[in-house]
Protein chains: 2
Amino acid sequence: MAKINTQPPRGTRDFFPEDLRLRAWLFDIWREVAQRFGFEEVDAPIVEHAELYMRKAGEEIVNQLYHFELHDRHLALRSEFTPSLARMVMARQGALRWPIRWFSIPQCWRYERMTRGRRREHYQWNMDVWGEPGVAAEAELIAAAFAAMDAMGLAAGDVRMRVNSRALLEETLRERFLGDHPEAFEPLCVVIDKLDKIGADAVVDQLADPAGAIRLAKPDALDVVALLGVGSIEEARKSAPSGSSALADLERLFTLLEGYDVADRVVFDASVVRGLAYYTGIVFEAFDTGGKLRAVCGGGRYDRLLESLGGKPVPAVGFGFGDAVVGELLGEKALLPELPRKLDAVVFPFGDTERAEAQALASNLRLQGKAVELVLGHVKPKRALADADRAGAQRIYLIGPDELSRGVARVRELRSGEERDEPLPARKD
Amino acid sequence: MAKINTQPPRGTRDFFPEDLRLRAWLFDIWREVAQRFGFEEVDAPIVEHAELYMRKAGEEIVNQLYHFELHDRHLALRSEFTPSLARMVMARQGALRWPIRWFSIPQCWRYERMTRGRRREHYQWNMDVWGEPGVAAEAELIAAAFAAMDAMGLAAGDVRMRVNSRALLEETLRERFLGDHPEAFEPLCVVIDKLDKIGADAVVDQLADPAGAIRLAKPDALDVVALLGVGSIEEARKSAPSGSSALADLERLFTLLEGYDVADRVVFDASVVRGLAYYTGIVFEAFDTGGKLRAVCGGGRYDRLLESLGGKPVPAVGFGFGDAVVGELLGEKALLPELPRKLDAVVFPFGDTERAEAQALASNLRLQGKAVELVLGHVKPKRALADADRAGAQRIYLIGPDELSRGVARVRELRSGEERDEPLPARKD
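Bear in mind the structure is a predicted one, so any value in this text is a computation, not a measurement. (Residues numbered from 1 in each chain as written. Chains lettered and ligands numbered in written order. Predicted model: local features only at pLDDT ≥ 70, side-chain atom pairs only at ≥ 80, totals over all residues. Heavy atoms only, no water.)

1. Here's the deal with helix 9 (residues 218–227) of chain B
Residues separated by three or four positions in an α-helix point in the same direction, a consequence of the helix having 3.6 residues per turn.
Residues and elements named next belong to chain B.
Right, so step 1: Along helix 9, the positions that sit buried rather than exposed are Ala221, Val224, Val225 and Leu227. The buried residues of helix 9 occupy an angular sector of 155° when projected down its axis, which confines them to one face. Exposed residues lying more than 90 degrees from the buried face of helix 9 are Pro219 and Ala226.
Right, so step 2: Residues of helix 9 that are buried in the fold lie against helix 5 (166–176), helix 6 (185–192), helix 8 (200–208) and helix 10 (233–239). (Buried < 20%, exposed > 50% of the residue type's maximum accessible area, 1.4 Å probe, protein only. Helix = DSSP H or I, 4+ residues; strand = E, 2+ residues; numbered from the N terminus. Arc of directions from axis to C-beta. Contact = heavy atoms within 4.5 Å.)

What follows is the structure, given as structure tokens:
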């Protein structure tokens, strides 16, 4: 028969043992940091009803949904975890004791045009706090994101977190530009989010597009884009409406970040809005300070999401931290660890006569928690030694006719070459 | 807005924290046993090209494929891991050193009619050995499956492994019944696999169906079904073709299983053929001895799979061990563990004045590897204590104005009620 295509579908990955070890290393860091912060792990199906993801603000993530009809159902591979999380919280809304701190490491899918280094799936660490309205939650989450970067070996100067307040932007824009159509704010954020990618002129054109959802006058569109250039809290204070609670929250967040000793890794940036429509308050995005890569992680407050899905309102804030960009960054900084296979011992019976003893010895070592490879086929001692060495085993137990007659295994330490005899376990028969 | 459906798609599961802890417990056992046996973890995308799963023998698993067209591609959610594994092995066939021992814990999907206790997704531990033609590989795998059951707390008598040889069945049937159309053997196995479910009469009807793929004469179909009643090696020996290498393999496997001290948990059963077309040699299935549940795990040798996909032939053997049936069995035996949330400490600042110290203390404890929940909102001490107790925390650190002025936290051990002061970490400012 013709050979099948041995590659996985375009934009997806296989994980061979060395890839899987790296993934496990990353997941372990995420999981350990989350647990140190007192978060509990959750998960949801990778296939959801497509309607869960459908929103009207023109977000890229909705346009790139992996969705399909199956047996008259409209289903989708999850593109992000937050909608599933909202569904789960809503299902138990009456029984939960707030706040809840949940994390997950879902695989998420986006059907996007393939360009270099982009894939259609990635794993994304999600950390979310539900039921806490104050920015202490945001501070805790930002501290956790940095704790993970620290655990990966990144230096304090390698990644900068840019923070903004959508609530502050909303107050300002509604007061000055959106008085007659406040519903334009969400699609406006989706457009603003593309600033870095498409440039200021294109953003102005989209904001002023008379056929679009926002329809600002051209001078107003220019003013909005100018507002996004604000790069410090001091400046932001000047343009904020007087008595702004959003500004007070932002200032309080920066104070709280000092308590975690990460304030010098965080900057205010009025252009950060995030490309998802549901954010309502603080938003944040971490970038490599080299400025070469997309966001390492990002998140924010989404206090109205549950309401928009028909639930009772619950304040919520969270972030997503993908494996792709941080993988690139770690690679660039030579911080991806060497992760050899963990193998304590190889047990090698010279022939069938010694196999039962070899099995019993392997079983014994395994019950002690050791990782033990038992040689299964008929190979020469030289080949068994070479294989054990190549596999990175610590030692090999050789059992030949002579060893069997003496009731021992010959143990060779593969690093030092030292050899000794060890008694074989007693046979039960 | 109308409330969305808060349930996951039919046949799928959410994992709330207590569900996730149980899943993690099971995955840890699988992973640890696999590593003790010297197996390396791999993974592949949950979405594959649908053609990878398409085979002609009428298997249930192919009929239940979750497949869909997307942007002119025919894709499918994986229904089993073996085809992805074969694809991965084929992609590196020239570079691998045999044998390889790989395991994985994929989620697999089947679009099947929903009956009680059946789902459309499950997690399935896969252990596979590629490149070893001898039954020492089968013995090692069966030993690993039992090691996992032992680690779950199941008793030696709780599960019985039924073993057969498709090769032996094939030799016998080709000699006596399939001389003129050997290609009927694969679909014949698919039919035989349904014996327990649909009964002997229906199996005979399908084997003798003149419109089917097998088309035995009715008396032959009856003879075939009678052959399946053989329940011991001794009996099997009588009906085997003389000099059968398949019989020799089977006998050798039973001898090898003694070396692992599991021979008394394994029986010969001629009716075990497995429902997948690709098996070629030894096949095995583990059942609860109570006889109430479907197979706990099952597998076998599939030496011709790679060839059938266009690769060079490589002998291979493996098993799948799902989370669903063993979960039911553990539940029935009251062996599902109580897994409380792991939380070392709660840190509680009485108000904003103490928050920076509370953050610094929490950060310190977390750097020591402790799981620490920081109280984020403004709650009363009584509520903070009740929440900490309810969350199962070991202790709570209370920091009020008095503690702050003395530079300490009041530590209360929540089990014993003992209290003491501990100095707060030095502030950096």
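Having seen the model, we can carry on.
2. Overview of the sheet that holds strand 16 (residues 408–413) of chain B
Either a parallel or an antiparallel arrangement is found when strands of a sheet pair, and the pairing is made through backbone hydrogen bonds.
Residues and elements named next belong to chain B.
Right, so step 1: Taken in spatial order, the 5 strands of this open sheet run 14-13-15-16-17, and their pairing is mixed. Two strands bound the open sheet, and with one partner strand each, they are strand 14 (372–374) and strand 17 (419–423). Each strand of the sheet is rotated relative to its neighbour by a mean of 25°, with strand direction disregarded.
Right, so step 2: As paired strands, strand 15 (residues 395–399) and strand 16 are joined by 4 bridges and run antiparallel to one another. Note on strand 16: the bridge partner recorded for Leu398 is Arg410. (Pairing = 2+ DSSP bridges. Axes fitted to C-alpha atoms, helices over the stretch in contact; angles between N-to-C directions.)

3. Re the relation of the copies chain B and chain A
Each copy of the chain is related to the other by a rotation around an axis and a translation along that axis.
Right, so step 1: It takes a turn of 180° to lay chain B on chain A, together with a shift of 0.0 Å along the axis; the resulting RMSD is 0.0 Å. In symmetry terms, the pair is related by a two-fold rotation axis. Every residue of chain B has its C-alpha some distance from the rotation axis, and the shortest such distance is that of Phe68 of chain B, at 3.3 Å.
Right, so step 2: Of the interface residues in chain B, 100% have counterparts in chain A that sit at the interface too, so the contact is made through matching surfaces. (Least-squares fit on C-alpha atoms with pLDDT ≥ 70 in both.)

4. Overview of the environment of Gln359 of chain A
Right, so step 1: Residue position: Gln359 of chain A is located in helix 14 (residues 355–367).
Right, so step 2: Between the C-alpha atoms of Gln359 of chain A and Ala184 of chain A, which are 175 residues apart in sequence, the distance is 70 Å.
Right, so step 3: Setting aside residues no more than four positions away along its own chain, Gln359 of chain A makes contact with Leu374 of chain A together with Ala139, Leu256, Gly259 and Tyr260 of chain B.

5. Concerning the packing of helix 1 (residues 17–36) of chain B against helix 4 (residues 136–151) of chain B
Residues and elements named next belong to chain B.
Right, so step 1: Running from N to C, helix 1 and helix 4 point in directions that differ by 140°, and their axes come no closer than 9 Å. When the interaxial angle is binned, helix 1 and helix 4 end up oblique. Taken as a pair, helix 1 and helix 4 cross one another with a handedness that is right-handed. Within the contact between the two elements, helix 1 uses Ile29, Trp30 and Val33 and helix 4 uses Ala144, Ala147, Ala148 and Ala151.
Right, so step 2: Counted by class, the contact of helix 1 with helix 4 contains 7 nonpolar, no polar and no charged residues. (Parallel < 35°, antiparallel > 145°, perpendicular 65-115°, else oblique. Left-handed = near helix turned anticlockwise from the far one by under 90°. Nonpolar A, V, L, I, M, F, W, Y, C, P; charged D, E, K, R; others polar.)

6. Concerning the pattern of salt bridges
Residues and elements named next belong to chain A.
Right, so step 1: A full pass over the atoms with the stated rule returns 84 salt bridges over all chains.
Right, so step 2: Between Arg406 and Asp421 there is a salt bridge, with the nearest N and O atoms lying 2.8 Å from each other. Pair noted here: Arg406 is in helix 16 (residues 401–406) and Asp421 is in strand 17 (residues 419–423), with a separation of 15 residues, a long-range link.
Right, so step 3: A relative accessible area of 42% places Arg406 in the partly exposed class.
Right, so step 4: For Asp421, a relative accessible area of 30% puts it in the partly exposed group.
Right, so step 5: A network of salt bridges, in which partner residues are shared, links Asp402, Arg406, Arg410, Arg412, Glu419 and Asp421. (Salt bridge = Lys/Arg side-chain N within 4 Å of Asp/Glu carboxyl O.)

7. Side note on the sheet that holds strand 4 (residues 73–77) of chain A
Residues and elements named next belong to chain A.
Right, so step 1: With respect to topology, 3 strands assemble into an open sheet ordered 2-4-3, the strand pairing being antiparallel. Among the strands making up the open sheet, the edge pair consists of strand 2 (47–49) and strand 3 (66–70). Ignoring which end each strand starts from, the neighbouring axes of this sheet average 35° apart.

8. So, the interface of chain B and chain A
Right, so step 1: Counting residues at the interface gives 96 residues for chain B and 96 residues for chain A.
Right, so step 2: In total, chain B and chain A occlude about 8,300 Å² of area from one another, counting both sides; carbon and sulfur atoms represent 56% of this.
Right, so step 3: Contact with chain A buries surface across chain B, with Arg36, Arg97 and Leu376 of chain B losing the most and accounting together for 9% of the total.
Right, so step 4: Where chain B meets chain A, there are 18 salt bridges.
Right, so step 5: Here Arg252 of chain A makes a salt bridge to Asp352 of chain B, at a shortest N to O gap of 3.5 Å.
Right, so step 6: A breakdown of the residues in the side of chain B that touches chain A according to their chemical character gives 46 nonpolar, 17 polar and 33 charged. (Buried area = accessible area lost by both parts, 1.4 Å probe.)

9. Quick word on the environment of Leu374 of chain B
Right, so step 1: Structurally, Leu374 of chain B is set in strand 14.
Right, so step 2: Residues in contact with Leu374 of chain B, not counting those within four places in the same chain, are Arg101, Glu140 and Tyr260 of chain A together with Val347, Pro349, Arg355, Ala358, Gln359 and Arg366 of chain B.

10. Quick word on the packing of aromatic side chains
Right, so step 1: Tallied over the full model, the rule gives 29 aromatic pairs over all chains.
Right, so step 2: When the ring of Tyr66 of chain A is compared with that of Trp109 of chain A, the centres are 5.4 Å apart and the planes differ by 80°; the resulting orientation is edge-to-face. Of this pair, Tyr66 of chain A sits in strand 3 while Trp109 of chain A sits in strand 6 (residues 107–109), and the two are 43 residues apart along the sequence. Just as Tyr66 of chain A is buried, Trp109 of chain A falls in that class too.
Right, so step 3: Taking the centre distance of 5.1 Å and the plane angle of 70° together, the rings of Tyr66 of chain B and Tyr111 of chain B count as edge-to-face. In this pair, Tyr66 of chain B sits in strand 3 (residues 66–70) while Tyr111 of chain B sits in the loop between strand 6 (107–109) and strand 7 (121–130), placing the two residues 45 residues apart along the sequence. Judged on exposure class, the residue Tyr66 of chain B and its partner Tyr111 of chain B are both buried.
Right, so step 4: An aromatic cluster of at least three residues, connected via ring pairs, comprises Phe15, Phe27, Trp30, Tyr123, Trp125, Phe319 and Phe321 of chain A.
Right, so step 5: Just above the ring of Phe15 of chain A sits the side chain of Arg23 of chain A; from NZ or CZ to the centre is 4.5 Å.
Right, so step 6: If you follow Arg92 of chain A out to its NZ or CZ, it ends over the ring of Phe16 of chain B, 3.6 Å from the centre. (Phe/Tyr/Trp six-rings, centres within 6.5 Å; stacked < 30°, edge-to-face > 60°. Lys NZ or Arg CZ within 6 Å of the ring centre and 35° of its normal.)

11. Some thoughts on helix 5 (residues 166–176) of chain A
Right, so step 1: Of all the positions in helix 5 of chain A, only Arg166, Leu168, Leu169, Glu170, Thr172 and Leu173 of chain A are classed as buried.
Right, so step 2: Against the buried residues of helix 5 of chain A lie strand 8 (159–165), helix 6 (185–192), helix 9 (218–227), helix 10 (233–239), helix 11 (245–259) and strand 10 (282–288) of chain A.

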